[in-house]
Amino acid sequence: QIERFWRSLKYEEVYLRSYESMAEAREGIRKYIEFYNQKRPHQSLGYRTPDEVYWQAKGGGTPSLGLGPVNTQTRDKPGLLKNREKPVLTMGCT
C-alpha cells in the first residue's frame, strides 16, 4: 500500500501547498507523515492509525500523539511499563 501513501501525500499535502524553500517542503512533508501515521484513521486498518496497529502488534499500547521522535511505553505485563524509542520514518533528506 505504499502507492496509496504516495498518492495521499501528493493530494493531501504537496499539491495544496506552495513551498518557498526545500526546508519548508521537508518540514511540511515531515508533519504530514506524522499526521498520516499518528492521527489519520485508515479505512483498511479498521479506522485505526498505522501507529495504533503497529504498537498493538508489538504487544504494547498506543503511544501518546505528538511531533518528532516519540519516547513511548510498552506493556510487558498489565501495569508494568518499559521505555522504548519509536522508530521514525524519514524521507532521506538531511
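Quick note: structure is the one above.
Calculation criteria
Here, residues in each chain are numbered from 1, in the same order as that chain's written sequence. Under the rules for a predicted model, residues below a pLDDT of 70 receive no local features and side-chain atom pairs below 80 are neither given nor counted, while totals for whole chains, interfaces and linings still include all residues. Excluded from the side-chain calculations are hydrogens and water; all other atoms, namely the structure's heavy atoms, are used. By definition, any uninterrupted DSSP run of H or I lasting at least four residues is a helix, any uninterrupted run of E lasting at least two residues is a strand, and each is numbered from the N terminus. Three exposure classes are used, based on accessible area relative to the maximum for each residue type with a 1.4 Å probe and protein chains only: buried under 20%, partly exposed in between, and exposed over 50%. The criterion used for residue contact is that any of the two residues' heavy atoms lie within 4.5 Å. Computed with a 1.4 Å probe, the accessible areas rest on the Shrake-Rupley method; for each residue, only the protein chains presented here act as cover. Note on aromatic contacts: the rings of Phe and Tyr and the six-membered ring of Trp form a pair at centre separations within 6.5 Å, being stacked when their planes are under 30 degrees apart, edge-to-face when over 60 apart, and tilted otherwise.

Trainee: Quick question: what am I supposed to make of the overall build of the chain here?
Mentor: Looking only at helices and strands, the chain features three helices and two strands. Along the chain, helices and strands appear, N-terminal first, in the series α-α-α-β-β. Residues counted as buried form 28% of the 94 residues belonging to the chain. Of the contacts made within the chain by residues no fewer than 6 positions apart, 31% connect residues no fewer than 24 positions apart. Carbon and sulfur atoms make up 53% of the accessible area of the chain, which amounts to about 6900 Å² in all.

Trainee: Looking at this model, I keep getting lost on the side chain of His42. Mind explaining?
Mentor: By the secondary structure assignment, His42 is in the loop between helix H2 (22–38) and helix H3 (50–57). Residue classification places His42 among the buried positions, given a relative accessible area of 8%. Dropping the residues within four chain positions of it, His42 is found in contact with Tyr36, Tyr47, Arg48, Thr49 and Pro50.

Trainee: What exactly am I supposed to notice about the packing of aromatic side chains here?
Mentor: Here a ring pair, both rings aromatic, is described through the centre-centre distance and the interplanar angle of the planes. A full pass over the atoms with the stated rule returns six aromatic pairs. Considering the side-chain rings of Tyr32 and Phe35, the 6.0 Å spacing of their centres and the 50° angle between planes classify their relative orientation as tilted. Of this pair, Tyr32 and Phe35 both sit in helix H2, separated by three residues, roughly a single helical turn. With a relative accessible area of 4%, Tyr32 lands in the buried category. Measuring from centroid to centroid gives 4.8 Å for Tyr54 and Trp55, while their planes differ by 85°, and the two rings are edge-to-face. Overall, Trp55 belongs to the buried group, its relative accessible area being 0%. Grouping aromatic residues by their ring pairs yields a cluster made of Phe5, Trp6, Tyr32, Phe35 and Tyr36.

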